[in-house]
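Residue strings, one per chain:
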Amino acid sequence: MLEDSVGLAAVTVLGVLEQAYFCLQVIYARRKFKVSPPSTAGPPQFERIFRAQANCSEYFPIFIIVLWISGVFFSEALSCLCGLLYLYARLRYFQGYSESAEGRLDPLYSSARVLWLLIWFCGLGVLLSFCRIYLKLDLIKGFYAA
Amino acid sequence: MLEDSVGLAAVTVLGVLEQAYFCLQVIYARRKFKVSPPSTAGPPQFERIFRAQANCSEYFPIFIIVLWISGVFFSEALSCLCGLLYLYARLRYFQGYSESAEGRLDPLYSSARVLWLLIWFCGLGVLLSFCRIYLKLDLIKGFYAA
Amino acid sequence: MLEDSVGLAAVTVLGVLEQAYFCLQVIYARRKFKVSPPSTAGPPQFERIFRAQANCSEYFPIFIIVLWISGVFFSEALSCLCGLLYLYARLRYFQGYSESAEGRLDPLYSSARVLWLLIWFCGLGVLLSFCRIYLKLDLIKGFYAA
Ligand SMILES: N[C@@H](CCC(=O)N[C@@H](CS)C(=O)NCC(=O)O)C(=O)O
Ligand SMILES: N[C@@H](CCC(=O)N[C@@H](CS)C(=O)NCC(=O)O)C(=O)O
Ligand SMILES: N[C@@H](CCC(=O)N[C@@H](CS)C(=O)NCC(=O)O)C(=O)O
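Residues numbered from 1 in each chain as written. Chains lettered and ligands numbered in written order. Predicted model: local features only at pLDDT ≥ 70, side-chain atom pairs only at ≥ 80, totals over all residues. Heavy atoms only, no water.

Glancing now at the site of ligand 3. In the vicinity of ligand 3 there are 15 residues, among which B:R30, C:N55, C:Y59, C:Y97 and C:R104 approach most closely. Between an oxygen atom of ligand 3 and a side-chain N or O atom of C:N55, the distance comes to 2.7 Å. C:R104 has a polar side-chain atom sitting 2.7 Å from an oxygen atom of ligand 3. Here ligand 3, which alone exposes 440 Å², has 97% of that area covered by the protein. Those elements giving two or more residues to the shell around ligand 3 turn out to be α1 (6-32) and α2 (44-73) of chain B together with α2 (44-73) and α3 (76-99) of chain C. (Near = heavy atom within 4 Å. Polar contact = N/O pair within 3.5 Å; in protein donor to acceptor, adjacent residues only side chain to side chain. Areas by Shrake-Rupley, 256 points an atom, 1.4 Å probe, with all protein chains shown as cover. Helix = DSSP H or I, 4+ residues; strand = E, 2+ residues; numbered from the N terminus.)

So, about the interface of chain B and chain A. Every contact between the two is made by 26 residues of chain B and, on the other side, 25 residues of chain A. Summed over both sides, the interface of chain B with chain A buries roughly 2,100 Å², with 80% coming from carbon and sulfur. In this assembly, chain B and chain A are joined by 0 salt bridges. Taken together, the links from chain B to chain A amount to 1 residue pair in polar contact (both at pLDDT 80 or more). Ranked by residue count, the leading element in the side of chain B that touches chain A is α2(B), at 13 residues. Among the residues forming the side of chain B that touches chain A, the class breakdown is 20 nonpolar, 1 polar and 5 charged. (Contact = heavy atoms within 4.5 Å. Buried area = accessible area lost by both parts, 1.4 Å probe. Salt bridge = Lys/Arg side-chain N within 4 Å of Asp/Glu carboxyl O. Nonpolar A, V, L, I, M, F, W, Y, C, P; charged D, E, K, R; others polar.)

Further remarks concern the interface of chain C and chain B. Contacts between the two partners involve 25 residues from chain C, matched on the other side by 24 residues from chain B. Here chain C packs against chain B, burying approximately 2,100 Å² in sum over the two surfaces, 80% of which is carbon and sulfur. Along the contact surface separating chain C from chain B lie 0 salt bridges. Taken together, the connections running from chain C to chain B amount to 1 residue pair in polar contact (both at pLDDT 80 or more). Secondary structure elements with two or more residues in the side of chain C that touches chain B: α2 and α4 (105-134) of chain C.

Right, let's talk about the state of the cysteines for a bit. All names here are of chain A. A full pass over the atoms with the stated rule returns 0 disulfides over all chains. C82 supplies the cysteine sulfur nearest to C80, a cysteine that is in no disulfide, at a spacing of 9.5 Å. With a relative accessible area of 13%, C80 lands in the buried category. (Disulfide = S-S within 2.5 Å. Buried < 20%, exposed > 50% of the residue type's maximum accessible area, 1.4 Å probe, protein only.)

Moving on to the relation of the copies chain B and chain A. Rotating chain B by 120 degrees and translating it 0.0 Å along the rotation axis places it on chain A, where the RMSD comes to 0.0 Å. Such a combination of rotation and displacement between the chain copies is what one expects of a three-fold axis. With a heterologous cut-off of 20% or less, the 12% of interface residues of chain B that recur at the interface of chain A puts this contact in the heterologous class. (Least-squares fit on C-alpha atoms with pLDDT ≥ 70 in both.)

Grouped together as the largest cluster of nonpolar side chains are 90 residues, with contacts concentrated most on A:F63, A:I69, B:F63, B:I69, C:F63 and C:I69. If we skip the residues at most four places from it in the chain, C:I69 touches B:A9, B:T12, B:V13, B:W68, C:F74, C:C122 and C:V126. (Core = buried A, V, L, I, M, F, W, Y, C linked by side-chain atoms within 4.5 Å.)

Let's shift gears to the relation of the copies chain C and chain B. After a rotation of 120 degrees and a shift along the axis of 0.0 Å, chain C superposes on chain B with an RMSD of 0.0 Å. Taken as a fraction of all interface residues of chain C, those also at the interface in chain B reach only 8%, which identifies the copy contact as different-surface.

Before going further, it helps to examine the packing of α1(B) against α4(C). One can describe the packing of α1(B) onto α4(C) by two numbers: an axis separation of 10 Å at closest approach and a directional angle of 155 degrees. Viewed along their axes, α1(B) and α4(C) adopt a mutual orientation that is roughly antiparallel. In this structure, the crossing between α1(B) and α4(C) has a hand that is left-handed. The segment α1(B) lies against α4(C), with B:V6, B:A9, B:A10, B:V13, B:V16, B:L17 and B:A20 engaging C:W116, C:I119, C:C122, C:V126, C:S129, C:F130, C:I133 and C:Y134. (Axes fitted to C-alpha atoms, helices over the stretch in contact; angles between N-to-C directions. Parallel < 35°, antiparallel > 145°, perpendicular 65-115°, else oblique. Left-handed = near helix turned anticlockwise from the far one by under 90°.)

Attention now moves to the side chain of B:Q53. Residue placement: B:Q53 occurs in helix α2. Beyond its immediate stretch of four places on either side in the chain, B:Q53 contacts B:F22, B:C23, B:V26, B:F94 and C:E58.

Turning next to the packing of aromatic side chains. This model, assessed by the stated rule, comprises 25 aromatic pairs over all chains. For the pair A:F22 and A:F94, a centre-to-centre distance of 4.4 Å together with 10 degrees between the ring planes defines the contact as stacked. You can see A:F22 sitting in helix α1 (residues 6-32) and its partner A:F94 sitting in helix α3 (residues 76-99), a full 72 residues away along the chain. Comparing A:F22 with A:F94, the two get one shared label, buried. Judged by centre distance (5.1 Å) and plane angle (40 degrees), the ring pair of A:F130 and A:Y134 falls under tilted. Here the residue A:F130 and the residue A:Y134 both occupy positions in helix α4 (residues 105-134), the gap between them amounting to 4 residues, near one helical turn. Accessibility expressed as a relative area gives 39% for A:F130, which makes it partly exposed. Within the aromatic cluster, the residues linked to one another by ring pairs are A:Y21, A:F22 and A:F94. Above the plane of the ring of B:Y59 lies B:R90, whose end atom (NZ or CZ) is 4.7 Å from the centre. Above the face of the B:Y93 ring, B:R90 is positioned so that its terminal group lies 4.7 Å from the ring centre. (Phe/Tyr/Trp six-rings, centres within 6.5 Å; stacked < 30°, edge-to-face > 60°. Lys NZ or Arg CZ within 6 Å of the ring centre and 35° of its normal.)

Near ligand 2 lie 15 residues; those nearest to it are A:N55, A:Y59, A:Y97, A:R104 and C:R30. Contacts to ligand 2 include A:Y59, whose side-chain N or O atom sits 2.6 Å from an oxygen atom. One of the side-chain nitrogen or oxygen atoms of A:Y93 is found 2.8 Å away from an oxygen atom of ligand 2. Relative to its unbound accessible area of 440 Å², ligand 2 is 97% covered by the protein chains. Tallied by class, the residues present in the shell around ligand 2 amount to 9 nonpolar, 2 polar and 4 charged.

Rendered as structure tokens:
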């Protein structure tokens, strides 16, 4: 049941707090560099902070979706671990991108690697559940029995 | 079970309808102000409508996530109530921002307050579930027994 | 239980892969047209690819939300079918928009039609569950009995 996925929920809430932190940074940058909405154009440093938050926001739903599917269908512990790594990589992405465009690359690659791992977990988990439910085939049990 | 969270689902569907309404307003504004895609630059009123929808879209996944976690782990009734308040604040945000940049501020603060409340509920709910599941400690029951 | 919604999960993972594909296309277009972040302005073809991915990302959370609510509260099979149609329409949207602004319109209308259908399913599913849980009224059974 959903209530038992307390680890996934904890990582999710942490992710929401990170997104809130990024939003606040854009609001401070808007004040500091005097870029009043609806404008989104300003000095390069403002634009980097603005785009860093936009990019993280774009990937956030994807991250939450794969976190939960991988956690429910594959392994909650592994998903939570990957989730924490992803959130840490995104924090470094935001900080790196705020400083320079090149600074975003290393943490971006880390975050992408973790995301692909979670997507693999999702695929595997969905496949195993599919075999178990529709083909009455428990691959994991069969694996241990072999 | 998920099917029992019918209140959360109803608020979610209402939220989706609100987002659809915002998208339609951007489409009408594109026609009215003759701003053909892929361009997103135009007269200030267009840019305000465009940014209002973009901003609401950015926060929408965050809102849905905290709505559900708070509803499942803390209280469905309180979450639904906050959800309705949030959606109303976002409607006023969109309308206020369409008229002037200052018009967005009051409803933005309201929506942020409700979002923080939901985040608190999430944190509390996750903590209580954590204590109940992993520490076998029912804080709520202990609270009533004390 | 969530684990039983393996069809919805499979469509969701497919959707995530599609979003990853769109992101990669933007990264390739940034290299090809030499548009370095944080800039988002460039030749029209780049801007169309950039906006196509941005638009799909904006709708992605909405799609996933209605897919699951419709699948859990109404019908998993119908939701999965609509989900596949939506993802196919979005692929054609991305390809059409990359080629010309008009090219995005037909697939956009298809995707919008499927989305509205899913929203109707959600509304119906939530209504039926509401009647069943709060009014102890099983409309579907009543329908067959009548
Ligand atoms: N993407 C937002 C992130 C921060 C935010 O939510 N800002 C509030 C207060 S300045 C807002 O109303 N932004 C207007 C906008 O996004 O156009 C931004 O660019 O400002
Ligand atoms: N919206 C993104 C989609 C692709 C993406 O995630 N790109 C990476 C590598 S180029 C990035 O860091 N983009 C910077 C940005 O979004 O401002 C973009 O415009 O680039
Ligand atoms: N963010 C969208 C919201 C509305 C929408 O989905 N518009 C459709 C029909 S005009 C579209 O294809 N927009 C192109 C785009 O987002 O670049 C926009 O700016 O237009």
